[in-house]
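Take a look at the letters that make up each chain.
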Protein chains: 2
Amino acid sequence: MPQPVSNRPLISITNIIWSFDPVTKQLLILLLQRNHAPFKETWGLPTTYLRADESADAAALRLVREKLGVQLAQFHTEQLGTFTAVARVPDERSLALTYMVYLPVKPQLVPGYGARDVRWFAVTPRQDRDDLVAGELTFKGVADAVSAAEFYQQTPPVPSLTADHALIIKTALQRVRNRLDYAPTILLVLGSHFTLKQAREVYAILWRRPVTTIDNSNFRKTHAHLFVEAGTAQSHSSGRPAKVYRLKSVG
Amino acid sequence: MPQPVSNRPLISITNIIWSFDPVTKQLLILLLQRNHAPFKETWGLPTTYLRADESADAAALRLVREKLGVQLAQFHTEQLGTFTAVARVPDERSLALTYMVYLPVKPQLVPGYGARDVRWFAVTPRQDRDDLVAGELTFKGVADAVSAAEFYQQTPPVPSLTADHALIIKTALQRVRNRLDYAPTILLVLGSHFTLKQAREVYAILWRRPVTTIDNSNFRKTHAHLFVEAGTAQSHSSGRPAKVYRLKSVG
DNA sequence: GCAAAAGTGTTGCATCTACACCCATGG
DNA sequence: CCATGGGTGTAGATGCAACACTTTTGC
């Protein structure tokens, strides 16, 4: 039997929005600082509430448009997971349906409704975790070995992200890493077309090793089947111009 | 801003409950036939509604206990995904949070509250899909090549499963197949301990090929790192008794 | 021409597949 | 002791890492 209407949990949509800075070669995640309760002044992932007349995927896209004002015809979204721990948000029963969105550009940010500040945070690999860094602000990542159950039990570090968003980001990075060898949609942050050099820069961050240790020749041989050629790029500096590729079986 | 309470979608928990018949060597999924609207008399996956004071994982476990009366201390559950298409259930806005449960035994089934009938359906591999078969009842699986978007557009076959449950089952099988080479939790249907022969029987179904084509020696060498030895089994028939294994890093 | 970056080829090592062979048990 | 199934070993094929070499551009 359906639950009484008053007992229905809130359904929030939470996005991990990925981007890439071509100058600093950093992989970026969007965080914003709320200016209202709960979690006033703390940083967290962009969140909205699901409307009755839209699917969760549609809501994830709406969220990107609302928070960023980006008006691209179509983004690629992927469901990450649903977070349902009873006490994940204090004083409120809400589920988080989480989605990943890959922005093909790095838009200028303007704090929108409900946000005091908004920034791109660089994924910064450490020994056994990934920190998020934006200028003087650093959020320490959840250690690789920590399970979800352990996360909800331990006391959060200071400063910490909204609710369980640190766990959501850890899960997102795990997912992205797993897919590197068979469906590296994270490369969509480079735009629809990219060179192998750019691809190696992204892989280097996620593999937690210097780009220089990823052999050009071998990378091509082991990952070429994931890409299709799509012409040749303009040479921007000295050196032979690279071919450009796009992901196989993705728009 | 939170959505008005009256607009909040229903949150249902839908389970793919896996089991295994050691006699017929069939991989099984539990389906039940409802005796009330909506979907009266149609077959579908067991479903319940999320309560305010429980996590979705807890609800998935409760569902197993309610529908099966199985009283094991602990099952292994895994989140499969969340299905949110607006029209996935006619005349009702509901989300399906789906979970996989691996039963270490094949319990006798007794139709519980709200169910007219309940049965184990054998996963039956075809060329490009997997059908579900229980005696004279057969449900045709969704073809491998069909995307989620395509599924929701096309008209369902007759007989068809409740709402989008055929899509959920296709997704579940996909997930299980993907995990065979690095985290084959599906083997928990064999109980906590199993022989390599039993494991190959499960793999054969999911790889859609006869057991006899899976070389014992090679299977051991390629998948041994996923298992740990745990003693020796009794020999039931003639032949050398097999060692028993359990999954690495799973209770 | 020289530096820089992209792309190609080769060699040795690790891994997988196919298949022959040996081991332990029931009747 | 023989049929049945479990476990071990080995040769050829395949795939990957390391690294030398060639090609194409800017200056």
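The residue count restarts for each chain, going from 1 along the sequence in the order it is written. Just so you know, chain letters begin at A and ligand numbers begin at 1, following the order they were written in. Local features in this predicted model are restricted to residues of pLDDT 70 or higher, and side-chain atom pairs are both shown and tallied only at a pLDDT of 80 or more, whereas totals for entire chains, interfaces and linings draw on every residue. Water and hydrogen atoms were dropped before computing side-chain values, which therefore reflect all heavy atoms in the structure.

A.B. asks: Mind laying out the overall build of chain A, listing which residues take part and the relevant values?
C.D. replies: Along chain A, the regular secondary structure elements total 5 helices and 11 strands. A radius of gyration in this sense is built from C-alpha atoms; the matching globule rule multiplies 2.2 Å by the number of residues raised to 0.38. Taking 18 Å as the expected radius of gyration for a compact globule of 251 residues, we find that chain A reaches 19 Å, a close match to that expectation. If you line up chain A on its principal axes, its C-alpha atoms span 65 × 40 × 35 Å. Burial statistics for chain A: of 251 residues in total, 49% are counted as buried. Residue contacts are counted whenever heavy atoms from the two residues lie within 4.5 Å of one another. Once local pairs closer than 6 in sequence are excluded, the contacts in chain A between residues at least 24 apart make up 58%. Charge separation in chain A, taken as the distance between the mean sites of 30 positive and 21 negative side-chain charges, equals 5 Å. By the criteria applied, helices consist of DSSP H or I runs no shorter than four residues and strands consist of E runs no shorter than two, each listed in order from the N terminus. We call a residue buried when its accessible area falls under 20% of the maximum for its residue type, exposed when it is over 50%, and partly exposed in between, using a 1.4 Å probe and counting protein chains only. All tallies of charge rest on Lys and Arg as positive and Asp and Glu as negative; His and the ends of each chain are not included. Charged groups are reduced to one reference atom each: NZ for lysine, CZ for arginine, CG for aspartic acid, CD for glutamic acid.

A.B. asks: Tell me about the protein's contact with DNA strand C, residues and numbers included.
C.D. replies: Around DNA strand C, the structure places 22 residues, and the nearest of them are S217(A), R220(A), K221(A), K243(A) and N218(B). Here a residue counts as near a molecule or strand whenever at least one of its heavy atoms sits within 4 Å of it. A share of 58% of the atoms of DNA strand C within 4 Å of the protein falls on sugar and phosphate groups. Under the rule applied, a polar contact is a pair of N or O atoms within 3.5 Å (in protein, one hydrogen donor and one hydrogen acceptor; residues adjacent in sequence only if both atoms are side-chain atoms). Between DNA strand C and S217(A) there is a distance of 2.5 Å, counted from a base oxygen to a side-chain nitrogen or oxygen. Breaking the surface near DNA strand C down by element, the ones donating at least two residues are helix 5 (216-223) of chain A together with helix 5 (216-223) of chain B. Tallied by class, residues from the surface near DNA strand C come to 3 nonpolar, 11 polar and 8 charged. Under this grouping Gly is polar, as are all residues other than the nonpolar Ala, Val, Leu, Ile, Met, Phe, Trp, Tyr, Cys and Pro and the charged Asp, Glu, Lys and Arg.

A.B. asks: So, the protein's contact with DNA strand D: which residues are in play, and what are the values?
C.D. replies: Not every one of the 23 residues close to DNA strand D is listed here, only the nearest: N218(A), S217(B), K221(B), G239(B) and R240(B). Considering the 4 Å shell around the protein, atoms of DNA strand D inside it are sugar or phosphate in 54% of instances. One of the side-chain N or O atoms of D215(A) is found 3.4 Å from a base nitrogen in DNA strand D. For DNA strand D, a phosphate oxygen lies 3.1 Å from a polar atom in the side chain of R220(B). Those elements giving two or more residues to the surface near DNA strand D turn out to be helix 5 of chain A together with helix 4 (196-206) and helix 5 of chain B. Residues of the surface near DNA strand D, tallied by class, amount to 3 nonpolar, 11 polar and 9 charged.

A.B. asks: Explain the environment of E229(B) residue by residue, including any values.
C.D. replies: Residue and element names in this part refer to chain B. In this fold, E229 is placed in strand 10 (residues 227-232). Residue E229 is classed as exposed on the basis of its relative accessible area, which comes to 52%. Put simply, E229 and T195 are 34 residues apart on the chain and 9.5 Å apart in space, counted from C-alpha to C-alpha. Ignoring anything within four residues of it in the chain, the contact list for E229 reads K243, V244 and Y245.

A.B. asks: Quick one: what's the story with the pattern of salt bridges, residue by residue and with numbers?
C.D. replies: Residue and element names in this part refer to chain A. Between Lys or Arg on one side and Asp or Glu on the other, a salt bridge is scored when a side-chain nitrogen of the former is within 4 Å of a carboxyl oxygen of the latter. Under the defined criterion, the tally for this structure stands at 30 salt bridges over all chains. A salt bridge links R62 to E54; its shortest N-O distance comes to 2.6 Å. We classify E54 as buried; its relative accessible area is 9%. Between R179 and E78 there is a salt bridge, and its shortest N-O distance comes to 3.5 Å. Of this pair, R179 sits in helix 3 (residues 165-179) while E78 sits in strand 5 (residues 76-83), placing them 101 residues apart in sequence. Owing to a relative accessible area of 18%, R179 belongs among the buried residues under this scheme.

A.B. asks: Explain the packing of helix 4 of chain B against helix 5 of chain B residue by residue, including any values.
C.D. replies: Residue and element names in this part refer to chain B. In this description, a line fitted to the C-alpha atoms serves as the axis of each element, helices being fitted only across the stretch in contact, and the angle between N-to-C directions of two axes falls anywhere from 0 to 180 degrees. Across the interface, helix 4 lies against helix 5 with an axial gap of 11 Å and an inter-helix angle of 90°. With respect to their mutual orientation, helix 4 and helix 5 come out roughly perpendicular. Residues L196, A199, R200 and Y203 of helix 4 lie in contact with helix 5, whose contacting residues are N216, F219, R220 and H223. Across the contact of helix 4 with helix 5, the residue classes tally to 4 nonpolar, 2 polar and 2 charged. Angles below 35 degrees are treated as roughly parallel, those above 145 as roughly antiparallel, those between 65 and 115 as roughly perpendicular, and all remaining angles as oblique.

A.B. asks: Talk me through the side chain of R88(B); I want residue IDs and the actual numbers.
C.D. replies: All names here are of chain B. Tracing the backbone through its elements, the reader meets R88 in the loop between strand 5 (76-83) and strand 6 (94-102). Separated by 3.1 Å, the side chain of R88 and the backbone oxygen of S94 make a polar contact. A polar side-chain atom of R88 sits 2.7 Å from a polar atom in the side chain of D164. Contacts of R88, omitting those with residues within four sequence positions, involve F83, S94, L95, A96, Y152, A163, D164, H165 and I168.

A.B. asks: Explain the packing of aromatic side chains to me, and be specific about the residues and the numbers.
C.D. replies: Residues and elements named next belong to chain A. Pairing of aromatic rings covers Phe, Tyr and Trp, the last counted by its six-membered ring, and requires centre-to-centre distances within 6.5 Å; plane angles under 30 degrees mean stacked, over 60 mean edge-to-face, and any other angle means tilted. Taken as a whole and assessed by the stated rule, the structure comprises 14 aromatic pairs over all chains. With centroids separated by 5.7 Å and ring planes inclined at 45°, the aromatic side chains of F121 and F139 adopt a geometry described as tilted. Here F121, found in strand 7 (residues 115-125), pairs with F139, found in strand 9 (residues 137-139); they are 18 residues apart in sequence, far enough to count as distant. In this pair, the class of F121 matches that of F139, namely buried. Note on F151 and Y152: the rings are 5.4 Å apart at their centroids and 80° apart in plane angle, and the pair reads as edge-to-face. The buried category is assigned to F151, whose relative accessible area is 14%. Its relative accessible area of 32% is what places Y152 among the partly exposed residues.

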